[in-house]
Amino acid sequence: MSAMLRRMYSVPEHITMAGLGAGLIGAIYPTIMARAGGRGLPCPLRTLTGLPCPFCGLTTATVALTHSEWTAAASTSPLIYLTAALVTATTPILAARLLGLAPPPRPWSAAARARTRYSAYVVVALSWLFQLHRYHFI
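The following refers to the structure shown. Counting restarts for each chain, with residues numbered from 1 along the sequence as it is written. Side-chain atom pairs in this predicted model are given and counted only at pLDDT of 80 or more, local residue features only at pLDDT of at least 70, and totals for whole chains, interfaces and linings cover all residues. To get the side-chain values, take all heavy atoms of the structure and skip hydrogens and water.

### Here we look at the overall build of the protein
Part 1 of the reasoning: The helix and strand tally for the protein stands at seven helices and zero strands.
Part 2 of the reasoning: Runs of H or I in DSSP of at least four residues are treated as helices and runs of E of at least two as strands, each being numbered from the N terminus. Counting helices and strands in the order they occur from the N terminus, the protein gives α-α-α-α-α-α-α.
Part 3 of the reasoning: Between buried and exposed lies partly exposed: a residue is buried under 20% and exposed over 50% of the maximum accessible area for its type, with that area taken using a 1.4 Å probe on protein chains only. For the protein, the proportion of its 138 residues judged to be buried stands at 24%.
Part 4 of the reasoning: Whether two residues are in contact is decided by their heavy atoms, any of which lying within 4.5 Å being enough. By sequence separation, contacts in the protein at least 24 residues apart represent 63% of the contacts at least 6 residues apart.
Part 5 of the reasoning: Here, Shrake-Rupley sampling with a 1.4 Å probe gives the accessible areas, and only protein chains in the shown set may cover a residue. Of the accessible surface of the protein, which amounts to about 9600 Å², a share of 71% is contributed by carbon and sulfur atoms.

Below is the structure:
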């Protein structure tokens, strides 16, 4: 039964749901931090090693993007634009599936999964290079 529930949504739709949730949190995050008086959660990898992770700056970029600060979002983590594009592209599909207007996703072929995995590795590696450059490691 859990396998059937898990297959109800595709990987891009899971990214969409996570992105929509992050966008909602990003919209109210400054208010939460102003009331809490803190700076937010530090990156565990950067805290332990001093090196930024490939996803460093995503919280800041999400907050900037939800407040229409396009340049700040791009200079913090361009990865936010890929996430925003995925969210924008798959939200109508997710809504149609939730309303019963679209069929459930078909399983991807092994080749499609391999291409997607390779592409994800490339995107994460490029993001890490960006963050290492941003923090003056390269």
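We are not done yet, so read on.
### Quick look at the side chain of Thr90
Part 1 of the reasoning: Secondary-structure assignment places Thr90 in helix α6 (residues 79-98).
Part 2 of the reasoning: At a separation of 2.6 Å, a polar atom in the side chain of Thr90 contacts the main-chain carbonyl oxygen of Leu86.
Part 3 of the reasoning: Dropping the residues within four chain positions of it, Thr90 is found in contact with Pro12 and Thr16. In protein, a polar contact means a hydrogen-donor-capable atom and an acceptor-capable atom, both N or O and within 3.5 Å, with residues adjacent in sequence counting only if both atoms are side-chain atoms; elsewhere, any N or O pair within 3.5 Å suffices.

### Things to note about the side chain of Gln131
Part 1 of the reasoning: Within the secondary structure layout, Gln131 lies in helix α7 (residues 110-134).
Part 2 of the reasoning: A polar atom in the side chain of Gln131 sits 3.0 Å from the backbone oxygen of Thr76.
Part 3 of the reasoning: When residues no more than four places from it in sequence are discounted, the contact partners of Gln131 are Pro52, Cys53, Pro54, Cys56, Thr76 and Ser77.

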